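Structural features, examined
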Amino acid sequence: MRKIYEHADYAVIGYYQSILEDEGILTLVKNVGAAMGTGEIPFTEVYPELWVMNDSDYGRAEAMLAPLHHQGPPEATTLPVWTCASCGETVDGDFGECWNCGTERPPIP
Ligand SMILES: [Zn+2]
């Protein structure tokens, strides 16, 4: 069993857990009480933790969560590279027209 993630916000842990469980990866959440703030539990720096039950699933689980950890800025970088219909050049998604011949980008579906 290996810990794959911890976060101060239990909602994030629960969200990640649901993603992994949907893929059939068994998980365990520890320190749930730390996030509840009932007053019964003394303040600690213990955060809710998400554990993967089977070590053999760890690599797969990590690969699934990694994109969520490293989401870049929205917009620009998320636009796909497109190919100019006029000259066949490959153009970065940031550009609204072909850098080579000036043809406008086709509509993004
Ligand atoms: Zn072009």
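These numbers were taken from a predicted model, which means no experiment stands behind them.

The rules we used
- Residues numbered from 1 in each chain as written.
- Predicted model: local features only at pLDDT ≥ 70, side-chain atom pairs only at ≥ 80, totals over all residues.
- Helix = DSSP H or I, 4+ residues; strand = E, 2+ residues; numbered from the N terminus.
- Contact = placed C-beta atoms within 7 Å.
- Expected span 1.5 Å × (residues − 1).
- Bend = angle between axes of the 7 residues up to and from the residue.
- Buried ≥ 20, exposed ≤ 12 C-beta atoms within 10 Å, placed from the backbone.
- Pairing = 2+ DSSP bridges.
- Axes fitted to C-alpha atoms, helices over the stretch in contact; angles between N-to-C directions.

A few words on the environment of Leu20. Tracing the sequence through the fold places Leu20 in helix H1 (residues 10-22). In sequence terms Leu20 and Val52 are 32 residues apart; their C-alpha atoms lie 8.9 Å from each other. The contacts of Leu20, once residues within four sequence positions are left out, are Ile25, Thr27, Ala61 and Met64.

So, on to helix H2 (residues 55-69). Along an α-helix, a turn takes 3.6 residues, which lines up residues three or four apart on a common side. The end-to-end C-alpha distance of H2, which contains 15 residues, comes to 21 Å, matching closely the 21 Å that a straight helix rising 1.5 Å per residue would cover. Of all the bends found along H2, the most pronounced is centred on Ala61 and spans about 25 degrees. Little of H2 is tucked away: 1 of the 15 residues are buried.

Take the sheet that holds strand E3 (residues 49-52) next. The strand order across the open sheet built from 3 strands is E1-E3-E2, with neighbouring strands paired in antiparallel fashion. With one partner strand each, in any of the chains shown, strand E1 (2-6) and strand E2 (27-30) form the two edges of the open sheet. Across this sheet, the average inter-strand angle for adjacent strands is 30 degrees, counted without regard to direction. Here E1 pairs with E3 via 4 bridges, running antiparallel. Residue pairing in the sheet places Tyr5 in a bridge with Leu50 of E3. Sheet strands touched by H1: E1, E2 and E3. Its angle to E2, the strand with the most contacts, is close to 170 degrees.

Any functional reading would require information that these geometric values do not contain.
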